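Next come the chains, spelled out residue by residue.
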Amino acid sequence: MASPKAPIGTRDILPPESSRWEALIATFAQLMGGAGYGLVQSPAFEDLSVFQRIGEGTDLVRKEMYEFEDKSGRHLALRPEGTASIARAFIQHRPTTPWKVWYAAPSFRYERPQAGRYRQHHQLGAEAVGSLDPDLDVEVIALAWDLFASLGLRRVVLLVNTMGDPGDREPYMERLSAYLEKHRGDLADEDRKKAAEHPLRVLDSNRAATRDVVRDAPRLPDHVSGDAVAHFERVQAGLGALEIPFVIEPLLVRGLDYYTRTTFELQASALDTAQDAIGGGGRYDGLVEALGGPPTPGIGFALGIERILLACNAEDTFGVSDTSVEVFVVDVAGGESARDLVAELRRGGIAADRAFDQRSMKAQMKSADRAGARLALIVGPDELSSGTVTVRDLEGGDQEVVARADALDRVRKTLS
Ligand code: HAM
């Protein structure tokens, strides 16, 4: 039998790459915690119906969900995105509002894998449920923006749009459908069926023929209510006040059906267009109600961890040094010293490691180097019999012999 491999579209994140993941999630956790957002861990799968509310017309629901029946015949699906789960949890637990939460979690989509597109990708997300205040939109967008700034990403473009309220959508859709029908012949072949079934999805087509048609199509922001216009203006003023540059993109509709009013997307110009969406979000003022809860507005975003790190590579930023130990214990006198010293150092708050299997001095010194240790604590037969330890500075090469009982103190002093 061929040896098993990770399923297509998934991958293992191994050290040292994984230390960047750790650092990224920690940076995000700190940012969100500092803004009053708490961590939510929701299940990786939910009742299928939770995710169906994302939109029956979306590719995500129609083609990309990992659906299954469990052994009792329940219809379930792996989480394709985080927002529906948060809305479900909000309804179930009724927390006080605004409920401000964040998550770092895998999402599963049966997509065609390619560079920057996976079947299991990982999102950093934020959701704020229970307020219609446009300043909350500004807060949420600013958090995403500030995360990228703190990673050192400079080439990020923020696109914003308004989808209006659900009541605005229907008359607009009629106009859009009529326009697309009139220009049906000029659309790219692949977009004709979509134009009839889901006209909004045609607006962000990347096919040249369709883009030509769409350029003069009726635009959603021109057809939204006064309240939604005022909301959008307040959001723009807020972004301006916080000195966050943005581009209004009237064709930005996003791939999920639950959006209302503010929508936004963050693009990394350092990546090619197939994978440059490093994050996106918006309001979903009808989602909680659609899932059976009380009418409750909400806004949030999700950022793709894989894409963020690709953008960091492209901009040569957010380099994280490999996790390295400070001290390596080299024991060629039986192994008890390594066992006990490593435990003592770790309990004393020093990052320490050792070799196993009674390796030679040379092999253990090599391991110490590979581990990136600053100091080696060496115990040979002489040290063992005299109750001492040799402390060697692996950078400068100096070494001294200290009493075994003073080893931890000496290490602390040298490292500080
Ligand atoms: P989304 O745009 O579908 O939005 O996904 C958010 C981000 O996840 C994307 O911008 C991208 O960086 C990343 N992403 C999505 N699919 C893949 C994939 N197959 N491979 C790699 N990365 C991917 C949402 O999921 C919404 N829940 C965002 C939101 C939160 N809206 C309101 N609150």
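Right above here is the structure, for reference.
Owing to the predicted nature of the structure, the values given are computational and were not obtained by experimental measurement. (Residues numbered from 1 in each chain as written. Predicted model: local features only at pLDDT ≥ 70, side-chain atom pairs only at ≥ 80, totals over all residues. Heavy atoms only, no water.)

**Q** Just to check I follow, could you spell out the overall build of the chain for this structure?
**A** Scanning the chain from N- to C-terminus turns up 15 helices and 16 strands. Radius of gyration (C-alpha) of the chain: 28 Å, far over the 22 Å computed for a compact globule of 416 residues. When its C-alpha atoms are laid out on the principal axes, the chain stretches across 90 × 60 × 45 Å. Looking at the chain alone, contacts between residues at least 24 apart form 70% of all its contacts between residues at least 6 apart. If you sum the accessible surface of the chain, you get close to 20300 Å²; carbon and sulfur atoms cover 49% of it. Of the charged side chains in the chain, 49 are positive and 63 negative; the average position of the first set lies 3 Å away from that of the second. (Helix = DSSP H or I, 4+ residues; strand = E, 2+ residues; numbered from the N terminus. Rg over C-alpha atoms; globule rule 2.2 N^0.38 Å. Contact = heavy atoms within 4.5 Å. Areas by Shrake-Rupley, 256 points an atom, 1.4 Å probe, with all protein chains shown as cover. Lys, Arg positive; Asp, Glu negative; His and termini not counted. Charge placed at Lys NZ, Arg CZ, Asp CG, Glu CD.)

**Q** Honestly, the environment of T162 in this entry has me stumped. Any pointers?
**A** Checked against the element boundaries, T162 lands in strand β7 (residues 156-162). Overall, T162 belongs to the buried group, its relative accessible area being 2%. Taking the C-alpha atoms as reference points, T162 and A241, separated by 79 residues in sequence, lie 19 Å from one another. A distance of 3.2 Å separates a polar side-chain atom of T162 from the backbone nitrogen of G164. (Buried < 20%, exposed > 50% of the residue type's maximum accessible area, 1.4 Å probe, protein only. Polar contact = N/O pair within 3.5 Å; in protein donor to acceptor, adjacent residues only side chain to side chain.)

**Q** Sorry if this is basic, but what is going on with the pairing of strand β15 (residues 388-393) here?
**A** Taken residue by residue, a regular strand's side chains alternate between the two faces of the sheet. Buried residues dominate β15, accounting for five of its six residues. Relative to β15, strand β14 (residues 375-379) runs antiparallel, the two sharing four bridges. Counted as the bridge partner of L377 is V391 from β15. As defined by bridge partners, β15 adjoins strand β16 (residues 399-403) across five bridges and the pair is classed as antiparallel. (Pairing = 2+ DSSP bridges.)

**Q** Just checking my understanding: could you explain the site of the ligand for this structure?
**A** Around the ligand, a shell composed of 26 residues is seen, among which E81, T83, E111, Y259 and A277 lie nearest. Contact between the ligand and A277: an oxygen atom at 2.8 Å from a main-chain N or O atom of the residue. Within the complex, the protein chains bury 95% of what would otherwise be the 650 Å² of accessible surface of the ligand. Elements represented by at least two residues in the shell around the ligand include exactly β6 (120-129), β10 (277-283) and β11 (298-304). When residues in the shell around the ligand are grouped by element, the largest group, six residues, is from β10. When grouped by side-chain class, the residues that make up the shell around the ligand number nine nonpolar, ten polar and seven charged. (Near = heavy atom within 4 Å. Nonpolar A, V, L, I, M, F, W, Y, C, P; charged D, E, K, R; others polar.)

**Q** What is the right way to read the sheet that holds strand β3 (residues 67-69) from this model?
**A** The three strands are arranged β2-β4-β3 in an open sheet whose pairing can be described as antiparallel. Strands at the two margins of the open sheet, each flanked by one partner only, are β2 (45-47) and β3. The mean inter-strand angle of the sheet, taken between neighbouring strand axes irrespective of direction, is 35°. Across three bridges, β3 lies against strand β4 (residues 75-78) in antiparallel orientation. For F68, the partnering residue across the bridge sits in β4 and is L76. (Axes fitted to C-alpha atoms, helices over the stretch in contact; angles between N-to-C directions.)

**Q** How should the side chain of R109 be read in this particular structure?
**A** Relative to the helices and strands, R109 is located in the loop between β5 (99-108) and β6. For the buried residue R109, which engages in no salt bridge, the nearest side chain bearing the opposite charge is E111, 4.7 Å off. Polar side-chain contacts of R109 include one of 2.7 Å to the backbone oxygen of P80. When near neighbours in sequence (up to four residues on either side) are disregarded, R109 contacts L60, E64, Y66, P80, E81, Y118, R119, H121 and Q123. (Salt bridge = Lys/Arg side-chain N within 4 Å of Asp/Glu carboxyl O.)

**Q** What is the right way to read the side chain of H231 from this model?
**A** Residue position: H231 is located in helix α9 (residues 226-241). Those residues in contact with H231, other than ones at most four positions away along the chain, are L132, D133, P134, D137, R261, T262 and R283.

**Q** Looking at this structure, how should I read the environment of R283?
**A** Within the secondary structure, R283 sits in strand β10. Using a relative accessible area of 0% as the deciding quantity, one classes R283 as buried. In the structure, R283 is positioned 160 residues away from Q123 in sequence and 18 Å away in space, judged by C-alpha atoms.

**Q** Is there a simple way to think about α9 in this case?
**A** Side chains that are three or four residues apart share a direction in an α-helix, a result of its 3.6 residues per turn. Spanning 16 residues, α9 covers 22 Å between terminal C-alpha atoms, matching the ideal 22 Å at 1.5 Å per step. Among the residues of α9, A228, H231, F232, V235, G238 and L239 are the ones counted as buried. Across the axial projection of α9, the buried residues extend over an arc of 120°, all falling on one side. Across from the buried face of α9, at angles greater than 90 degrees, the exposed residues are G226, E233 and A241. Directly after α9, the chain includes E243, whose backbone phi takes a positive value near 55°. (Expected span 1.5 Å × (residues − 1). Arc of directions from axis to C-beta.)

**Q** What exactly am I supposed to notice about helix α15 (residues 407-415) here?
**A** Within the span of α15, buried status applies to A407, L408 and V411. Down the axis of α15, the buried set is contained in an arc of 100°. They therefore lie on one face. In this structure, the buried residues of α15 make contact with β12 (327-331), α12 (336-347), β14, β15 and β16.

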